[in-house]
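# Residue-level structural notes
Given next are the chains, with one letter for each unit.
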Amino acid sequence: MNESNDQILLNVSGLQKFFPIRRGFLRRVVGQVRAVDDVSFFIRKGETLSLVGESGCGKTTTARCILRAIRPTAGKILFRTAQGSVVDVATLSRSELQPLRRQMQMIFQDPFSSLNPRMTILDIVGEPLLVHGVRSRSERTDRVAELLRLVGLRPEYMNRFPHAFSGGQRQRIGIARALALHPSLVVADEAVSALDVSVQAQILNLLLELQEELGLTYLFVAHDLSVVKHISDRVAVMYVGKIVELADRDQLFQTPKHPYTAALLSAVPKPDPRARTQRIVLQGEVANPAAPPSGCYFHPRCQFAVERCRVEAPALQEIAPGHFVSCHRAHELTLPGVTSGGARASRPSTSTISTGEG
Ligand SMILES: Nc1ncnc2c1ncn2[C@@H]1O[C@H](COP(=O)(O)OP(=O)(O)OP(=O)(O)O)[C@@H](O)[C@H]1O
Ligand code: SF4
Ligand SMILES: [Mg+2]
């Protein structure tokens, strides 16, 4: 799945991350959790690729490898730097990574969980600036004020503490912190999952507006397809450490080719409540990545499984331009999809950015 041109910001190929399972007094390695197992995708500059799948399928591990919070077991992570060179993040040393860190930033589900509750918003949003050498407090204060405005918060809030803010406002502060160093790639890991649906929509719109304004590229991680519907250009569906389907957003929503994607889609609320489709209830548990089933990992839960599925692992194949799927029966199955709602959500200019003060 290679597209080699200068429009590609990130090109991941053959990514693997295995965690050893240790037992006993001597902590001997008795097995491996294959958290990410041969994952490949690219992200073009300025686009949003969403990574979707049930809990434990390896989304966060993929994201952490890309940001080199952890070292991958194998694979390449080619990143185009702001200077235009392409580097393999997977193999860089700590000191070589340092200048790249500001170009790749993460937005977390709970941006404050790892921060001191006695830090003010100025300290929280200004910390990355300080770490990267902005020593002057007035310079940091000016930049934090600018960032707060950008995310729809009042600059006067900068002397308050996190507990004074609502969930949506806290997420805006987390976004401001992630943007402090002008990153090109922003990885959002379940960034709106803990928020109410109406607040979710506000934050998703803010992310779209910021993307337009700042030319950001997003890797957007979520377990729910309905969340990624409006924000994605393309969507990759993961199951037990592997991508099972990857396509343009509309193609994936309207004509899914993998039974697992169709099952996830059947849970997405329909725009017209009268347009009822059968909810596909998945049987059984997600497979264990330490002891995956033979053949297609999805076969114990798949209503279309045939004998071949039990013995032979399907390869990820391009069945239409840009539409990749790993299913032996992809060509013969017609699976139910949903309308994805036309064009991506509108992208108003920042002058119309909704405020986070509600
Ligand atoms: N540090 C670790 N040591 C051992 N196993 C790990 C470690 N981190 C993750 N795993 C395992 O790797 C698999 C993938 O985990 P990961 O957190 O990437 O999934 P996820 O898709 O982000 O799930 P969720 O939706 O719950 O956040 C899981 O089986 C998890 O238990
Ligand atoms: S390969 Fe077989 S078991 Fe796997 S998704 Fe396709 S039909 Fe189902
Ligand atoms: Mg996760």
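For clarity, every value in this text was computed on a predicted model and none was experimentally measured. (Residues numbered from 1 in each chain as written. Chains lettered and ligands numbered in written order. Predicted model: local features only at pLDDT ≥ 70, side-chain atom pairs only at ≥ 80, totals over all residues. Heavy atoms only, no water.)

## Observations regarding the site of ligand 2
As a structural note, the neighbourhood of ligand 2 is formed by His-258, Pro-259, Cys-296, Phe-298, His-299, Cys-302, Phe-304, Ala-305, Cys-309, Cys-327, His-328 and Arg-329. More than half of the atoms belonging to ligand 2 lie within 2 Å of the grid points that define the largest cavity. Along the lines of polarity and charge, the residues of the shell around ligand 2 split into eight nonpolar, three polar and one charged. (Near = heavy atom within 4 Å. 1 Å grid on protein atoms, 1.4 Å probe; cavity = no way out; pocket = protein on both sides within 12 Å on 5 of 7 lines; lining within 4 Å. Sits in = over half its atoms within 2 Å of the grid points. Nonpolar A, V, L, I, M, F, W, Y, C, P; charged D, E, K, R; others polar.)

## A short note on empty space enclosed by the protein
Tallying each qualifying case throughout the model produces one cavity of 30 Å³ or more. When its volume is computed, the largest cavity comes out at roughly 80 Å³. Every residue lining the largest cavity is counted, 13 residues in all, and those nearest its centre are Pro-259, Cys-296, Cys-302, Cys-309 and Cys-327. For the lining of the largest cavity, a count of residues per class yields eight nonpolar, four polar and one charged. (Points joined across faces, edges and corners; volume = space filled by probe spheres on them.)

## Quick look at the domain arrangement of the protein chain
Its domain assignment divides the protein chain into domain 1 (5–232) and domain 2 (248–270 + 278–325). Relative to domain 2, the C-alpha centre of domain 1 lies at a distance of 27 Å. Taken together, both faces of the contact between domain 1 and domain 2 bury some 1,200 Å²; the carbon and sulfur share is 63%. Of all residues in domain 1, the largest losses of buried area upon contact with domain 2 belong to Glu-54, Leu-225 and Lys-229, amounting jointly to 49% of the total for that side. Counting every contact that joins domain 1 to domain 2 gives one salt bridge. When the shortest N-O distance is used, the salt bridge between Glu-54 and Arg-301 registers 3.1 Å. (Domains from an automatic or database assignment. Buried area = accessible area lost by both parts, 1.4 Å probe. Salt bridge = Lys/Arg side-chain N within 4 Å of Asp/Glu carboxyl O.)

## Some details on the sheet that holds strand β7 (residues 185–189)
The strand order across the open sheet formed by eight strands is β6-β7-β8-β3-β9-β10-β12-β11, and the pairing between neighbours is mixed. The open sheet has two free edges, formed respectively by β6 (104–107) and β11 (317–320), since each of these has just one partner strand. Between one strand axis and the next, the sheet turns through 25° on average, direction left out of account. As judged from the three bridges shared by β11 and strand β12 (residues 323–325), these two strands associate in the antiparallel manner. (Pairing = 2+ DSSP bridges. Helix = DSSP H or I, 4+ residues; strand = E, 2+ residues; numbered from the N terminus. Axes fitted to C-alpha atoms, helices over the stretch in contact; angles between N-to-C directions.)

## Here we look at the site of ligand 1
Near ligand 1, the surroundings consist of Phe-19, Val-33, Ala-35, Ser-55, Gly-56, Cys-57, Gly-58, Lys-59, Thr-60, Thr-61, Glu-190 and Pro-289. Note that an oxygen atom of ligand 1 is positioned 2.7 Å from one of the backbone N or O atoms of Gly-56. At a separation of 2.8 Å, an oxygen atom of ligand 1 approaches a polar side-chain atom of Lys-59. For the shell around ligand 1, the secondary-structure elements that each account for two or more residues are β2 (28–44) and α1 (59–66). By residue number, the principal contributor to the shell around ligand 1 is α1, which donates three residues. Broken down by class, the residue content of the shell around ligand 1 amounts to five nonpolar, five polar and two charged. (Polar contact = N/O pair within 3.5 Å; in protein donor to acceptor, adjacent residues only side chain to side chain.)

## Re the packing of aromatic side chains
Applying the stated rule across the entire model yields four aromatic pairs. An angle of 65° between the planes, with centres 5.3 Å apart, marks the rings of Tyr-260 and Phe-298 as edge-to-face. Placement of the pair is Tyr-260 in helix α9 (residues 259–265) and Phe-298 in the loop between α9 and α10 (307–311), with a sequence separation of 38 residues. Under the relative-accessibility criterion, Phe-298 is labelled buried at 3%. Among the aromatic residues, those joined into a cluster by ring pairs are Tyr-239, Tyr-260 and Phe-298. (Phe/Tyr/Trp six-rings, centres within 6.5 Å; stacked < 30°, edge-to-face > 60°. Buried < 20%, exposed > 50% of the residue type's maximum accessible area, 1.4 Å probe, protein only.)

## A closer look at the pattern of salt bridges
Scanning the entire structure with this criterion turns up 12 salt bridges. For Glu-312, the salt bridge goes to Arg-308, with nearest N and O atoms at 3.2 Å. You can call Glu-312 partly exposed: its relative accessible area is 37%. Where Arg-329 meets Glu-332, a salt bridge forms, and the shortest distance between an N and an O atom there is 3.0 Å. Members of the salt-bridge network, linked through shared partners, are Arg-34, Asp-37 and Lys-242.

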